[in-house]
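Survey of secondary and tertiary structure
If you want the building blocks of each chain, they are given just below.
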Amino acid sequence: MEWDWNFVWQIMPTLIDGLKITILATVLGAAVAAVVGLLFAILRMTAPKPIARVTSFIVEFIRGTPLLVQLYFIFYVLPDIGIRLPALLAGVIGLGLHYGTYAAEVYRAGIENVPRGQWEAAKATNLTGRQTWIHVILPQAIPPMIPALANYLIAMFKETPLLSAITVLELMNQAKSVANSSYRYIEPMTLVGVFFLVMSLISVVFLRWLEERYARMEER
Amino acid sequence: MSIRTILTMAAGATALMAAIAATPAFADDAKLEELKAQGFARVAIANEPPFTAVAADGKVSGAAPDVAREVFKRLGVADIVASISEYGAMIPGLQAGRHDVITAGLFMKPERCAAVAYSEPILCDAEAFALKKGNPLKLKSYKDIADNPDAKIGAPGGGTEEKLALEAGVPRDRVIVVPDGQSGLKMLQDGRIDAYSLPVLSINDLVAKANDPEIEVVAPVEGAPVYCDGAAFRKGDEALRDAFDVELAKLKESGEFAKIIEPYGFSAKAAMSTSRDKLCAAK
């Protein structure tokens, strides 16, 4: 089986359509994960004990089950209780929830790493809770989180082919459907790999830059 | 390096080249011998009753594997070992040497005939839709689905139905690739798709199992021809295919063929009244 460039150009537009969906799912999933993660972290750290306990359980539950199972659940089981989500939305929620729980741990570690003295100093200077969070804690907690969060973003990006299991026409699914009608796997699958590699490499460069920038901030 | 070594090497190389050149000539028979020696043939199936089915205990049945098992037995290959695959992945899998033959109700179409070596026809069936009771969108053909901008059709990825829908002009985003029969039915019940298309017997089997009064069947789909499948061999395994055809023809003549496939609902007459050449040439 040899490489056929004509075939590559012929399938390129279809694959690029798929790539767009992949990127869209990643970006939306990341947004959901960022918000959900923050919510989980705050609930776990500040809510009354019972609520914090329940949140901890939910987070552990989601972290302890495979994303693919969760996707099937959201897509195929939820309609039984009347919740029917479009495929892409179901995928974004699945990705967002799953990675939200990882992000929650990152948030928690970041916030807990702010020295106790900072909280006490804020209290001593009579800052309100809101002021303490916005002006004292978060500015110190967020920078060290960024590289870890970006790492999860790349991991999530690479997990998007799982969405093909719930009929989202993302890059992997498009490649499969191309292969299905042409009986050739070599070009579509190679291109999928190349697309992911290129996107990941770009992200890695960006990640290095983030790490350097925020590592330096901490040294100051 | 002595002259003798060089000569030996040259002789060796020549012998090797001769062997390589000779390989294709006896590779065909070798394939059958190889299968006999290992005692089984690897077949690709889809778990789509009544074409192919896997029981809860892992036993492979269904009309297509049953016919193949019988033919292989007569060829001296004791059994078949099946692996479940998506329709679209079957031909690439065959080309990659993952299976020896596809026995899955993979209907003969000209572009598939170009990619694999089919046996003579085995199972014939028309296409059908499963849809919501009362057929609210009045879908009777693939064209109807193409014409209705709200209608979504589900079909197995790389299957005949997906291709028929796309050929009828249904845009890609309204042809939902469904991984298996159960998901297809579930998506139909949940209203994610408006019609789920499979061959008539598969749909009937699925709907009968689902036992859901809200689902009904349109069969056959208007304008879609009757297709027949055959056992699909790798290009280059034509000798094995020919041996398979010989035994298949005997099976058809003796009436045992009908005995195997008719309990599943297939018509032996339909398969015997047509031929590979006709089906592969069909538009």
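Everything numeric here is computed off the predicted structure, so don't read it as measured data. Here the residue index of a chain counts from 1 through its sequence in written order. Note on labels: chains are lettered from A, ligands numbered from 1, in written order. Thresholds applied to this predicted model are a pLDDT of at least 70 for local features of residues and 80 or more for the giving and counting of side-chain atom pairs; totals over whole chains, interfaces and linings are not thresholded and use all residues.

What about the sheet that holds strand E10 (residues 175–178) of chain B?
Residue and element names in this part refer to chain B.
- Pairing between two strands is assigned when DSSP locates at least 2 bridges connecting them. A run of H or I in DSSP becomes a helix once it reaches four residues, and a run of E becomes a strand once it reaches two; helices and strands are each numbered from the N terminus. Overall, mixed pairing links the five strands, which are arranged E10-E9-E11-E8-E12 in an open sheet. The open sheet has two edge strands with one neighbour each: E10 and strand E12 (215–218). Taken pair by pair, the neighbouring strands of this sheet meet at an average axis angle of 30 degrees, ignoring direction.
- Direction of pairing for strand E9 (residues 153–156) relative to strand E11 (residues 195–199): parallel, over a ladder of two bridges. The partner of Gly154 across the bridge, within E11, is Tyr196. Axis definition: a line fitted to C-alpha atoms, over the contacting stretch in the case of helices. Angles run 0 to 180 degrees between N-to-C directions.

Regarding the sheet that holds strand E5 (residues 101–102) of chain B
Residue and element names in this part refer to chain B.
- The five strands lie next to each other as E4-E1-E5-E14-E6, forming an open sheet whose pairing is mixed. Whereas interior strands pair on both sides, the edge strands pair on one side only; in this sheet they are strand E4 (79–84) and strand E6 (117–118).
- Here strand E1 (residues 40–45) pairs with E4 via six bridges, running parallel. By the bridge assignment for E4, Ala41 is matched with Ile80.
- Packing against the sheet, helix H2 (residues 63–75) makes contact with E1, E4 and E5, and its axis sits at approximately 150 degrees to E4. Residue pairs qualify as contacts under a 7 Å threshold applied to their C-beta atoms, which are placed from the backbone.

Brief notes about the domain arrangement of chain B
Residues and elements named next belong to chain B.
- Considered domain by domain, chain B is made up of domain 1 (30–124 + 227–272) and domain 2 (127–218).
- Each of domain 1 and domain 2 has a C-alpha centre, and these two points are 26 Å apart.
- Taken residue by residue, the interface counts 15 residues in domain 1 and 12 residues in domain 2.
- For the side of domain 1 that touches domain 2, the residue count by class is eight nonpolar, four polar and three charged. Segmentation into domains, and thus their bounds, comes from an automatic or database assignment. Residues are grouped as follows: Ala, Val, Leu, Ile, Met, Phe, Trp, Tyr, Cys and Pro are nonpolar; Asp, Glu, Lys and Arg are charged; every other residue, Gly included, is polar.

Points about the interface of chain A and chain B
- Listed per partner, the contact involves 14 residues of chain A and 16 residues of chain B.
- Considering every element that reaches the side of chain A that touches chain B, the biggest residue donor is helix H7 (residues 171–182) of chain A, with six residues.

What about the nonpolar core?
Residue and element names in this part refer to chain B.
- Formed by 53 residues in total, the largest nonpolar core has its most connected members in Val43, Ala68, Met90, Ile102, Ala104, Leu123 and Ala232.
- Of all the elements, H2 adds the most residues to this core, at six residues.
- Beyond its immediate stretch of four places on either side in the chain, Val43 contacts Pro65, Ala68, Ile80, Ala82, His99, Asp100, Val101, Ile102 and Thr103. Remark: nonpolar core denotes a set of buried Ala, Val, Leu, Ile, Met, Phe, Trp, Tyr and Cys residues whose joining runs through C-beta atoms within 7 Å. Residue burial is a threshold on neighbouring C-beta atoms within 10 Å of the residue's own C-beta, all placed from the backbone, with 20 or more meaning buried, 12 or fewer meaning exposed, and counts in between meaning partly exposed.

Looking at helix H1 (residues 5–46) of chain A
- Expected helix span is given by 1.5 Å per residue-to-residue step, counting one fewer step than there are residues. A rise of 1.5 Å per residue sets the reference length of H1(A), with its 42 residues, at 62 Å; its end C-alpha atoms lie 58 Å apart and thus fit the reference within 8%.
- Bend is the name given here to the angle between axes fitted to two runs of seven residues, the run ending at a residue and the run starting at it. The principal kink in H1(A), of about 45 degrees, is found at Met12(A), preceding the proline Pro13(A) by one to four residues.

Quick word on the environment of Arg213(A)
- Here Arg213(A) lies in helix H8 (residues 186–219).
- The spacing of Arg213(A) and Leu38(A) is 175 residues in sequence and 23 Å in space, taken between C-alpha atoms.

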